Amino acid sequence: MNKIINLNNFDNNKQNFLLIIYDASHRYGWFYELIEELAQNFNLHLFTNISSTFSYDQVVSCITFDKDNELNLNAYPNDASLSFFDDAINDLFKQFGIFDFVLDFPLRTIFYTELSQMLKETKKVHYILYEPNFWIDSTLLGYLSLRLFEDNFYFASKGSLKWIEKELNMSLVKKNIVGIPVPQIDLFLAKGEIKSNHSQNEPLKIIIPSRIEVTKMYIISSLLDILKLIQEGFNIEVTVIGKDGGLSRTIQNIINKSELKAVVTKVPEQNPIDIDFWKEHDVAIAMGTSALITVAMGIPTIYSLPNVPKINNNKEIIYEYVHNKGFLGINFDSINEPPSIKYEDKKTYTYYALLKSILTNELDLSLLSNQSLEYIQKNIDLLRIKNIIHRITNNESY
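Residues numbered from 1 in each chain as written. Predicted model: local features only at pLDDT ≥ 70, side-chain atom pairs only at ≥ 80, totals over all residues. Heavy atoms only, no water.

**Q** Help me understand the overall build of the protein chain in this model?
**A** Helix and strand counts for the protein chain stand at 14 helices and 15 strands. Its C-alpha atoms give the protein chain a radius of gyration of 22 Å, within 12% of the compact-globule value 21 Å for 398 residues. Seen through its C-alpha atoms, the protein chain measures out along the principal axes to roughly 70 × 50 × 40 Å. The buried share of the protein chain, taken over its 398 residues, is 52%. A fraction of 72% describes how many contacts in the protein chain between residues 6 or more apart in sequence connect residues 24 or more apart. Here the protein chain has roughly 17,700 Å² of accessible surface; of this, 46% comes from carbon and sulfur atoms. Taken as two groups, the 38 positive and 48 negative side-chain charges of the protein chain have centres that lie 4 Å from each other. (Helix = DSSP H or I, 4+ residues; strand = E, 2+ residues; numbered from the N terminus. Rg over C-alpha atoms; globule rule 2.2 N^0.38 Å. Buried < 20%, exposed > 50% of the residue type's maximum accessible area, 1.4 Å probe, protein only. Contact = heavy atoms within 4.5 Å. Areas by Shrake-Rupley, 256 points an atom, 1.4 Å probe, with all protein chains shown as cover. Lys, Arg positive; Asp, Glu negative; His and termini not counted. Charge placed at Lys NZ, Arg CZ, Asp CG, Glu CD.)

**Q** Explain helix H11 (residues 288-296) here, please?
**A** Note that an α-helix has 3.6 residues per turn; residues three or four places apart therefore point the same way. Taken residue by residue, H11 has Ala 291, Leu 292, Ile 293, Thr 294, Val 295 and Ala 296 as its buried positions. Those residues of H11 that are buried lie in contact with helix H7 (185-190), strand S8 (204-209), helix H10 (275-279), strand S11 (283-286), strand S12 (301-304) and helix H13 (365-383). The positive-phi residue at the C-terminal boundary of H11 is Gly 298, with phi of around 90°.

**Q** Explain the pattern of salt bridges to me, please; I cannot follow it from the model alone.
**A** Within the structure shown, the criterion is met by ten salt bridges. As a salt-bridge pair, Arg 108 and Asp 137 come within 2.6 Å of each other at their nearest N and O atoms. In this pair, Arg 108 sits in the loop between strand S5 (101-105) and helix H3 (110-115) while Asp 137 sits in the loop between helix H4 (133-136) and helix H5 (139-148), placing the two residues 29 residues apart along the sequence. Here Glu 165 makes a salt bridge to Lys 175, at a shortest N to O gap of 2.7 Å. A residue pair is termed long-range when its members are at least 10 positions apart, and Glu 165 in helix H6 (residues 158-168) and Lys 175 in the loop between H6 and H7 qualify at ten residues. For Glu 165, a relative accessible area of 13% translates into the label buried. A residue is classified by how much of its surface remains accessible, and Lys 175, at 36% relative accessible area, is partly exposed. (Salt bridge = Lys/Arg side-chain N within 4 Å of Asp/Glu carboxyl O.)

**Q** So what exactly am I meant to see when it comes to the pairing of S8 here?
**A** Successive side chains on a regular strand alternate, one facing one side of the sheet and the next facing the other. By the criterion of burial, S8 is predominantly enclosed, with five of the six residues buried. Bridge analysis of S8 against strand S9 (residues 236-241) gives six bridges, and the strand direction is parallel. By the bridge assignment for S9, Lys 205 is matched with Glu 237. Of the crossover connections in this fold, the one passing from S8 over helix H8 (residues 218-231) to the parallel S9 is right-handed. One ladder, built from two bridges, connects S8 with S11; its direction is parallel. Bridge pairing in S11 places Ile 206 opposite Val 283. (Pairing = 2+ DSSP bridges. Right-handed = clockwise from strand over helix to strand, strands pointing away.)

**Q** Looking at this structure, how should I read the sheet that holds strand S10 (residues 264-267)?
**A** Strands pair in a sheet through their backbones, by hydrogen bonds, and they do so in one of two ways: parallel or antiparallel. Ordered in space as S10-S9-S8-S11-S12-S15, the six strands form an open sheet in which the pairing is mixed. Looking along the sheet, the strands with just one partner apiece sit at the ends: S10 and strand S15 (324-327). With direction set aside, neighbouring strand axes in the sheet form an average angle of 20°. Summarising the sheet, S12 and S15 pair through two bridges and their orientation is antiparallel. Of the residues in S15, the one forming a bridge with Ile 302 is Phe 327. (Axes fitted to C-alpha atoms, helices over the stretch in contact; angles between N-to-C directions.)

**Q** Looking at this structure, I do not really get the sheet that holds strand S2 (residues 16-23). What am I missing?
**A** Across the sheet, which stays open at both edges, the seven strands sit in the order S1-S4-S3-S2-S5-S6-S7 with mixed pairing between neighbours. Every interior strand has two partners, whereas the edge strands, strand S1 (2-5) and strand S7 (153-155), have only one. For this sheet the average axis-to-axis angle between neighbouring strands, irrespective of direction, equals 15°. Bridge analysis of strand S6 (residues 123-128) against S7 gives three bridges, and the strand direction is parallel. Note on S7: the bridge partner recorded for Ile 128 is Phe 155. Contacting S2, S5, S6 and S7, helix H14 (residues 385-393) crosses the sheet at an angle of about 140° to S6.

**Q** Whenever I open this one, the packing of helix H1 (residues 31-41) against H14 confuses me. Can you help?
**A** Helices that pack against each other are described as a pair by the angle of their axes relative to one another and the distance between those axes. H14 packs onto H1 with a crossing angle of 55° between their chain directions and a minimal axis gap of 9 Å. As judged from the angle between their axes, H1 and H14 are oblique. Along this stretch, H1 crosses H14, giving a crossing that reads as right-handed. Within the contact between the two elements, H1 uses Glu 33, Leu 34, Glu 37 and Leu 38 and H14 uses Ile 385, Lys 386 and Ile 389. Its residues assigned to classes, the contact of H1 with H14 shows four nonpolar, no polar and three charged. (Parallel < 35°, antiparallel > 145°, perpendicular 65-115°, else oblique. Left-handed = near helix turned anticlockwise from the far one by under 90°. Nonpolar A, V, L, I, M, F, W, Y, C, P; charged D, E, K, R; others polar.)

**Q** How do you make sense of the environment of Leu 373 when you look at a structure like this?
**A** Within the fold, Leu 373 resides in helix H13. With sequence-adjacent residues up to four places away left out, Leu 373 is seen in contact with Leu 189, Gly 192, Glu 193, Ile 194, Val 295, Ala 296, Met 297 and Gly 298.

As structure tokens, this is what we get:
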């Protein structure tokens, strides 16, 4: 256990807020802004298994547990781990008083806060940002957790909640919609610009911002479609930007063994984002928060779908083509519609078809850019982190 205490940050006039997150590393871009907002208004305490690279100067306390030998926040608790958890809470109680709020994610972590004897009187917030957590382990377990603790669940958007309800075949009475945390969304929108129509004398510049993980198989699908367009003579440049992961070697092999090698540039994850560099691109291919960021910059964004990796008998990942839902804010509304082809509008697109439509000026890039900016302007209130915190702590819903 690694424990950091900053007594100078404690203020008797502020309420205590406990944030529990299994992975507090830099993979979550919104996490830093969440920390800043919470620390301004509360005595902030943090429990985690994977510590962050950010400075802990703003928190009152931070405890990083050894997940193998002490406490795994991403595993269901047993008597021993729950007792260890309560002992850690009790130690902080003695020093700083009771916690007024506790916010946790992902799903398995909620059982620590709900079963804790020390947190019985604490306002509990189970903030759901990754919907598949409800069926990764057991659909029945996801169903029961919602039924047992329904009032304490808070969802990022209507689309997120619809997806969960449909997958679990249930309908919630309490629908706490609080917002999607997009870091620096106002800055991105302020610097957003409407694109000019594509000139066939210039390369179409495409940006693919994403962690290079096996759940992001759309990166391969889009690159293979781009390769077809290059082989047909179209002028394209591609930037793949993000942290390396389980898909990195496969993608690099695809690039190195084809004409993609001459047109694809890989850029490491940026923190902070180089807005001017991102805005140099004409089109984005993304999903989730990354897609909302590129749309806020005025970059027409093809919204890709997530995938669940399939493994063969040799424990090798099986590649499957991953479609997309068209342009975010134009063909698809990720804020109000489930990001899955199983429900509602099942229409999907190929990257080849959409990109070719822009390359041939069948689609108006300037119009797409303008509609992208309007989409964020319409939904900006749901994307601001400070608004999310306000709703959570004041029992409000969007």
